[in-house]
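# Chains, contacts and geometry: an overview
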Amino acid sequence: MDDLERAILISFDESGAVDSALKLQALAFCQQVKEAPTAWQICIERLGFTKLPQVQFWCLQCLYEVVSSRYAAMSSEEKAFVRESVFKMVCYEPVDEKNLVRVLDAPGYVRNKLAQVLATLVKFEYPVVWSGVFVDLLPHLSKGVELIDMFCRVLNRLDAELIDAESHGSDEVTTLAVASRVKDAMRQQCVPQIVRVWYEVVSSYKNSNSEICIAVLECMRKYIAWIDIGLIANDVFVPLLFDLVLGEGLDEQLRGAAASCLLAVVSKGMNFQSKLALLQSLRMNRIFSLVSRERESEFKSKVAILLAGYGAEILLCFVKLNSEEARGVSMELLEEVLPSVLRVMQNCEADLAIKIVEFLSGYVDSIKSLSPTSLSEKQLVHVGQILEMIRMHICYDPDYRHNVDVLDKIGQEEEDRMSDIRKDLFSLLRNVGRVAPEVTQIFIHTSLVNAVSSPSEKNVEEVEAALSIFYALGESISEEAMKNGNGFIGKLVPMLLSTKFQCHSNRIVALIYLETIMRYTKYVQENTQYIPMVLTVFLDDRGIRHPNVSVSRRASYLFMRVVKQLKANLVPFIEQILQIWQSLQDKIAQFTLDISSKEFSGYEDGSHIFEAIGILAGMEDVPLEKQSEYLSALLTPLCQQVQTLLMNAQAEPVQISSTHIAIIQQNVMAINALSKGFSERLATSIRPTIGLMFKQTLDVLLQILVVFPDIEPLRNKVTSFLHCMVGILGPAVIPYLPKALDQLLNDCEGPKEMGNFLILINQLTKFRTSILDIMEEVFPIIVGRIFSVLPSDPFPTGPGSNTEEIRELLNLQKTFYAFLHLMATNELSSVLISPKSRVYLDQIMQFLLSSSRHHKDISVRKSCVQIFVILIKEWYATPHCEEKVPGFRNFIMERFATDCCLYSVLEKSFNLHDAATDILFGEIVTAQKVMYEKFGDDFLNHLLSRAFPATQCPQNYAEQYCQKLQTTDFKALKSFYKSLVENLKSQQNGSLVFR
């Protein structure tokens, strides 16, 4: 053993026994040999005498790298020597007469590397230089299975390096060209001989050496896609493949390999008429029985994949061929294979199931197109089988029943898995429902009747599946059909409303039952006699009283939706519902008192029961006395609970726990939800008593901001309640605002907090001048904090810019634009020039000016222009009047009129053909019109003497525009200005830079 072999062995060592420094030294030595000009020669010589697999592998790897990167630089003699040496190794011959070591005796990984070297030589030299590589290799295969195995490895490697890269759409032009060259040459020269060898090997060895037969068939499968299909699909090879598939005594892997070759045959790309003839000639029905006869195994999976692929190809022929004869043949083949495909679906892997569902969807579409009016008896049978398959596959596994019911980690995984499986199956169900509505309805009716009559709690999965199918079908039923309630819906909905399943305590059954009732509520809307039954479903132990908290809370949400949908029909039942509600006080209390470790959000927060009750109690049809009684019964305990906790917090602040804070939060959410059912008209005009009750509630909840000023969730909930009170109490809420806004502004520094606060202020601007005093106090605080948070430079773009911080700042900026626009449009512009706010006026003007010209959002630019128009009108009543805001007139003419109204429209990015930009352009023209009305000839002189000359605009164009500006025809003015801008852009060709 010399230094190189020792170095190679050390570099391959994975035991950890070798010193790391020594290993690095060994790797460096090996690398030095690789980089030597004679590396290829060193490797070939060593392969002639070394029997160490690691050394053989290293030498072949080195040879591969040299051939891949340095082959072109070698001399023709050197190349010939490399080809001859590698060919000898592949042919189970020694490299030279002195050394008798044969590389093919080495382990498989060494032979794979040798195959890679030969494939690389083929890539460079075949067929121009080395035309005989395959023809010369074939005679050597008679030496035995070692040569056959090596030949398969070479073909596999060639497929992986070149041919497969082409079929998978490699982007490398060189690779595609080489692949085409090699394939074309092989087709002309040696493919028939190779196919003959494949046939002879499989025929000879099928009973004695299944391993070599599998290798050949696996290799052949890869080549079928691009060789002449007639070489395989003939009276010689096809019977052999079927004999292998059907040979019960043969090795199962061998049978599976044969099935994969048949799949390659049926999947072969070709003319669809020829494809149909090929599929018909295969007589595939001879293997249909295997899917029911064979035990579960890899072989059975291969047959299943074959049948699914065969069915998909037939379906493609049906879709692509137009002749009646071809479509008839395709349909016969489809209906022949369908029962076997359905049997495959009973127990197959998820990937195959997806393909089969796709195939079945295509089949359903095909029978609809072939028989648009009625289906044949056979087709009806198949449709029924498809429905049964759907029902079977959407059933949960009973082994996970407990996990799914308590929804632990395993249960959640099972629920997620089933959700993925059901998407495509329910789509198939709705497709079947459209093609065969009667069969589908009978199937669902039977499934539900069986579920209802099932006396056992053990049928949880079957009951849930039956309900889920009925629910899924409802998605495709039109609103009109739902309301009319054909016989199918008219029978099932009343039956379900009066049903309580033995397994109703199970979570998934209870949930899908409630969802199904909700989906078919439109039927009840037209058939009001069932309203009491619907209400009972949601209010008894099938709904809100269900022992499972997630079911109970979901029922709360769905009940709220039912109330909203049936609101107009519920007047006669209001008193009955509210009485039932009073009996649910214990359950409702859980929503405000029971703070479990599990976090609920969205529809599961439990507050929706209060929203539902609020909608009912807030209806004007309820008598005043009853309404006051109900509202008091709702609000009083909630407010008392909040007051008690607030008093405790003030008395002993250290004793207040996160649980107490969470209870306060839940109570505020409940009050907030409750208030959504009451209108401003009811609370202020018709029944001010109701408004008084909400005012008292507001007094209580505002104390939360005093006691807990730093608890963000509580601040957010109280802010939400303020939003509601603005809508319900109207101007009557104004006296409460100074205290509330003062508290909310405390610790309101960050972009997220300021954004939330600003949304409330934006809502308050609807009170216009009624809140002028309040706005004069808070405006400078708001603006000061926002300008301290918003960056003066543009927001970053590109990778890494979509951070939460930047998103919050962008949201704040967007809300700030809306705020300034609302201030202007709601007669509050005087706040900007009030004594406390004047300090920010210049900053605001510069902010609006910059945004009106440069902001990437066209709608923001439009808003800024509109703000300027309003300010001009309000701050400059008539020409030559005394300036309300000193310097404002000059700023508008010299900056806004020039930068925004002229320079910005001449920029390349200003696309006059875009609809949104055209609207902005109209606003800019309006602004110019207003500036002329307010500033008169001074504005025209500014345009003619300074603005237009700076753009190199011809004087006659500028004068014409100023003349148009003095007319009343806005449409003509806009059209002329657009033409002027386009002409200037054309002349400048983007070369003008405005400063």
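Residues numbered from 1 in each chain as written. Predicted model: local features only at pLDDT ≥ 70, side-chain atom pairs only at ≥ 80, totals over all residues. Heavy atoms only, no water.

### Comments concerning the overall build of the chain
Along the backbone of the chain there are 48 helices and 0 strands. Computed over its C-alpha atoms, the radius of gyration of the chain comes to 41 Å, more than 25% above the 30 Å expected for a compact globule of 995 residues. The buried share of the chain, reckoned over its 995 residues, is 52%. Looking at the chain alone, contacts between residues at least 24 apart form 73% of all its contacts between residues at least 6 apart. If you sum the accessible surface of the chain, you get close to 44,400 Å²; carbon and sulfur atoms cover 50% of it. Taking the average place of the 97 positive charges on the side chains of the chain and the average place of its 118 negative ones, the gap between the two points comes to 3 Å. (Helix = DSSP H or I, 4+ residues; strand = E, 2+ residues; numbered from the N terminus. Rg over C-alpha atoms; globule rule 2.2 N^0.38 Å. Buried < 20%, exposed > 50% of the residue type's maximum accessible area, 1.4 Å probe, protein only. Contact = heavy atoms within 4.5 Å. Areas by Shrake-Rupley, 256 points an atom, 1.4 Å probe, with all protein chains shown as cover. Lys, Arg positive; Asp, Glu negative; His and termini not counted. Charge placed at Lys NZ, Arg CZ, Asp CG, Glu CD.)

### With respect to empty space enclosed by the protein
Counted by the stated rule, this structure contains 4 cavities of 30 Å³ or more. For the largest cavity, the calculated volume is near 110 Å³. Forming the boundary of the largest cavity are Glu712, Arg715, Asn716, Thr719, Leu744, Cys748, Glu753, Asn756 and Phe757. Of the residues assigned to the lining of the largest cavity, the class counts are 3 nonpolar, 3 polar and 3 charged. (1 Å grid on protein atoms, 1.4 Å probe; cavity = no way out; pocket = protein on both sides within 12 Å on 5 of 7 lines; lining within 4 Å. Points joined across faces, edges and corners; volume = space filled by probe spheres on them. Nonpolar A, V, L, I, M, F, W, Y, C, P; charged D, E, K, R; others polar.)

### Thoughts on the UniProt feature "domain: Importin N-terminal" (unreviewed entry) in the chain
This chain's UniProt record puts "domain: Importin N-terminal" (unreviewed entry) on residues 30-89. Along residues 30-89, the helical share is 78% and the strand share 0%, with 23 Å between the first and last C-alpha atoms. (UniProt positions renumbered as here; feature names shortened; annotations may be inferred.)

### Brief notes about the packing of aromatic side chains
Evaluated as defined, the whole model comprises 29 aromatic pairs. Between the aromatic rings of Phe787 and Phe847, the centroid separation amounts to 5.7 Å while the plane-to-plane angle is 75°, which identifies the pairing as edge-to-face. Taken as a pair, Phe787 in helix α40 (residues 772-789) and Phe847 in helix α42 (residues 841-854) lie far apart in primary sequence, 60 residues in all. Among the aromatic residues, ring-to-ring pairing joins Phe779, Phe787, Phe816, Tyr817, Phe819 and Phe847 into one connected group. Across the ring face of Tyr64, the terminal group of Lys113 is positioned such that the distance to the ring centre comes to 5.5 Å. For the cation-ring pair, Arg286 lies above Phe242, with the distance from its terminal atom to the ring centre recorded as 3.7 Å. (Phe/Tyr/Trp six-rings, centres within 6.5 Å; stacked < 30°, edge-to-face > 60°. Lys NZ or Arg CZ within 6 Å of the ring centre and 35° of its normal.)

### Things to note about helix α37 (residues 712-729)
With 18 residues, α37 should reach 26 Å at 1.5 Å per residue; the first-to-last C-alpha distance of 25 Å fits that figure. Residues of α37 that are buried: Leu714, Arg715, Val718, Thr719, Phe721, Leu722, Cys724, Met725, Val726, Ile728 and Leu729. Elements in contact with the buried residues of α37: α34 (658-675), α35 (680-686), α36 (688-707), α38 (737-745) and α39 (751-764). Two residues or fewer past α37, Gly730 is found with a positive phi of approximately 60°. (Expected span 1.5 Å × (residues − 1).)

### Looking at the nonpolar core
Core analysis: the biggest nonpolar cluster contains 368 residues, and Met186 and Trp198 have the highest contact counts within it. Residue contacts for Met186: discarding those within four places in its chain leaves Tyr126, Phe134, Leu155, Leu158, Val191, Ile194, Tyr223 and Trp226. (Core = buried A, V, L, I, M, F, W, Y, C linked by side-chain atoms within 4.5 Å.)

### Section: the confidence of the model for the chain
Of all residues in the chain, 95% attain a pLDDT of 70 or more, and the chain-wide mean is 90. Throughout residues 596-604 the model reports pLDDT below 50, and contacts reaching past four residues in sequence, or to other chains, amount to 10 contacts. (pLDDT = per-residue confidence, 0-100.)

### A closer look at the environment of Ser260
Here Ser260 shows up in helix α13 (residues 252-266). Taking relative accessible area as the criterion, Ser260 reaches 12% and is therefore assigned buried. Between the C-alpha atom of Ser260 and that of Arg946, which follows or precedes it by 686 residues, the distance is 81 Å. Setting aside residues up to four positions removed in sequence, Ser260 forms contacts with Arg221 and Lys302.

### Section: the pattern of salt bridges
Applying the stated criterion across every chain yields a total of 35 salt bridges. Glu298 serves as the salt-bridge partner of Lys302, at 3.8 Å between the closest nitrogen and oxygen. Taken together, the residues Lys302 and Glu298, both in helix α16 (residues 298-320) and 4 residues apart, mark about one turn of the helix. Lys302 sits in the partly exposed class, given a relative accessible area of 24%. (Salt bridge = Lys/Arg side-chain N within 4 Å of Asp/Glu carboxyl O.)

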